[in-house]
Amino acid sequence: DTGVSQDPRHKITKRGQNVTFRCDPISEHNRLYWYRQTLGQGPEFLTYFQNEAQLEKSRLLSDRFSAERPKGSFSTLEIQRTEQGDSAMYLCASSLGERNHYEQYFGPGTRLTVT
Amino acid sequence: QQPVQSPQAVILREGEDAVINCSSSKALYSVHWYRQKHGEAPVFLMILLKGGEQKGHEKISASFNEKKQQSSLYLTASQLSYSGTYFCGTENWPGTYKYIFGTGTRLKVLA
């Protein structure tokens, strides 16, 4: 088990373009989280999945953000019509458990730069 | 809604102790603590649950005051490796598995 992986690690895109990020969680983990982090700030919750079900999505997100987790395995986060304010590190984390509380294991992140 | 951490930053000498606080305006069900080094992902330190259950590393201790809606992380006999930014992640009552991370505390340990 090599931990949580994210792809790509860096993405530079022009304003208005769509981007998609992928997260592969630790294989036996049921929960998967997406966060956004800007310099000097804590991770900001975006959404999370319990297996393939998206259970909560931040109200801070506009309709330009969407996430999927088909078959409860890997997840993708898509940002449509990117804006300069979307520039940030996008972190994925996974954890065990359906009802209990377990620690989250974070991936290395995808750094997005919108020019 | 974001939990507030204090202090914002602290500098220690090796061997000194530190306390980092995390306060929420909402009733909490659990608190997670993570440490993040520059350019790296956050790493788990401790979970504290309503009712007193704790899970975490043996060398890290923490408290969870449910009535005051706050948690404190205790770092004793600090080592150079303790340097980094500490974040609390709070889960509101009645327990949703959604975590809101705090404002962060930057800790620097000097030799």
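For the structure, see preceding data.
Residues numbered from 1 in each chain as written. Chains lettered and ligands numbered in written order. Predicted model: local features only at pLDDT ≥ 70, side-chain atom pairs only at ≥ 80, totals over all residues. Heavy atoms only, no water.

## What about the nonpolar core?
Which entries qualify depends on this criterion: The definition of a nonpolar core used throughout is a set of buried Ala, Val, Leu, Ile, Met, Phe, Trp, Tyr and Cys residues joined through side-chain atoms within 4.5 Å. Whether a residue is buried, partly exposed or exposed follows from its accessible area with a 1.4 Å probe, protein chains only, as a fraction of its type maximum: under 20%, in between, or over 50%, in that order. The secondary structure listing takes helices from DSSP runs of H or I that are at least 4 residues long and strands from runs of E that are at least 2 residues long, numbered from the N terminus. In what follows, a contact means two residues having at least one pair of non-hydrogen atoms within 4.5 Å.
Ranked by internal contacts, the top residues of the largest apolar core, which has 21 residues, are Trp33(B), Leu73(B), Leu75(B), Tyr86(B) and Leu107(B). Listed by contribution, the elements that provide at least two residues to this core are β2 (9–13), β3 (18–23), β4 (28–36), β5 (43–49), β7 (61–65), β8 (70–75), β9 (84–92) and β11 (105–110) of chain B. Setting aside anything within four residues of it in sequence, one finds Leu73(B) in contact with Ala18(B), Val19(B), Ile20(B), Trp33(B), Leu45(B), Ile60(B), Ser61(B), Ala62(B) and Tyr86(B). Listed in part, the 19 residues of the second largest apolar core include Val19(A), Phe21(A), Ala88(A) and Leu112(A).

## Digging into the environment of Ala88(A)
Residues and elements named next belong to chain A. Turning to its location among the elements, alanine 88 is positioned in strand β9 (residues 88–95). Here the alpha-carbon distance between alanine 88 and alanine 53, two residues 35 residues apart in the chain, equals 25 Å. Each residue touching alanine 88, except ones within four places of it in the same chain, is listed here: Arg36, Gln37, Thr38, Thr110, Arg111 and Leu112.

## Some points on the interface of chain A and chain B
Formally: Buried area adds together the accessible area that both of two parts lose upon being put together, with accessible area traced by a 1.4 Å probe. The term salt bridge refers to a side-chain nitrogen of Lys or Arg lying within 4 Å of a carboxyl oxygen of Asp or Glu. Between N or O atoms, a polar contact is any pair within 3.5 Å; within protein, one atom must be a potential hydrogen donor and the other a potential acceptor, and residues adjacent in sequence are included only when both atoms are from side chains. Side-chain classes follow a simple rule in which Ala, Val, Leu, Ile, Met, Phe, Trp, Tyr, Cys and Pro form the nonpolar group, Asp, Glu, Lys and Arg form the charged group, and the remainder, Gly included, forms the polar group.
Contacts between the two partners involve 22 residues from chain A, matched on the other side by 21 residues from chain B. The junction of chain A with chain B conceals about 1,800 Å² of combined surface from both sides, 56% of it contributed by carbon and sulfur atoms. If you look at where chain A meets chain B, you find 1 salt bridge. Here Lys98(B) makes a salt bridge to Glu56(A), at a shortest N to O gap of 3.2 Å. In this structure, the connection of chain A to chain B is made through 5 residue pairs in polar contact (both at pLDDT 80 or more). Counting residues per element, the ones that place at least two in the side of chain A that touches chain B are β4 (31–37) and β5 (44–50) of chain A. Ranked by the residues each element gives to the side of chain A that touches chain B, the list is headed by β4(A), at 4 residues. Of the residues contributing to the side of chain A that touches chain B, the split by class is 9 nonpolar, 8 polar and 5 charged.

## Considering the sheet that holds strand β1 (residues 4–6) of chain B
Backbone hydrogen bonds are what pair the strands of a sheet, in a parallel or an antiparallel way. All names here are of chain B. The criterion, for reference: Whether two strands pair comes down to DSSP finding at least two bridges between them. Note on geometry: axes are C-alpha line fits, over the in-contact stretch for helices, and angles between N-to-C directions span 0 to 180 degrees.
Strands sit in the order β1-β3-β8-β7 across an open sheet of 4 strands; the sheet is antiparallel. Here the strands that pair on one side only, and so sit at the sheet edges, are β1 and β7. Adjacent strand axes in the sheet meet at a mean angle of 15°, parallel and antiparallel pairs treated alike. As paired strands, β1 and β3 are joined by 3 bridges and run antiparallel to one another. Among the inter-strand pairings, glutamine 5 is bridged to a residue of β3, identified as cysteine 22.

## Let's talk about the packing of aromatic side chains
Quick note on the threshold: Between 30 and 60 degrees the pair is tilted, below 30 it is stacked and above 60 it is edge-to-face, where a pair is any two Phe, Tyr or Trp rings, Trp via its six-membered ring, whose centres lie within 6.5 Å. Think of it as a cone above the ring: NZ of Lys or CZ of Arg counts as a charge over the ring if it is within 6 Å of the ring centre and within 35 degrees of the ring normal.
Overall, the coordinates contain 13 aromatic pairs over all chains when judged by the stated rule. Pairing Phe106(A) with Tyr34(B) gives two aromatic rings, centres 5.5 Å apart and planes at 85°, and the pair type is edge-to-face. Here Tyr34(B) lies in strand β4 and Phe106(A) lies in strand β10 (residues 105–106), a pairing that spans two chains. Residue Phe106(A) is classed as buried on the basis of its relative accessible area of 10%. One aromatic cluster is present, built from ring pairs that chain together Tyr33(A), Tyr35(A), Phe45(A), Tyr48(A), Phe106(A), Tyr34(B), Phe44(B), Tyr99(B) and Phe101(B). Residue placement shows Arg22(A) over the ring face of Phe74(A); its charged tip is 3.9 Å from the ring centre. One cation-aromatic arrangement involves Arg31(A) over Tyr97(B); the distance from NZ or CZ to the ring centre is 3.6 Å.

On their own, these measurements won't tell you what the molecule is for.
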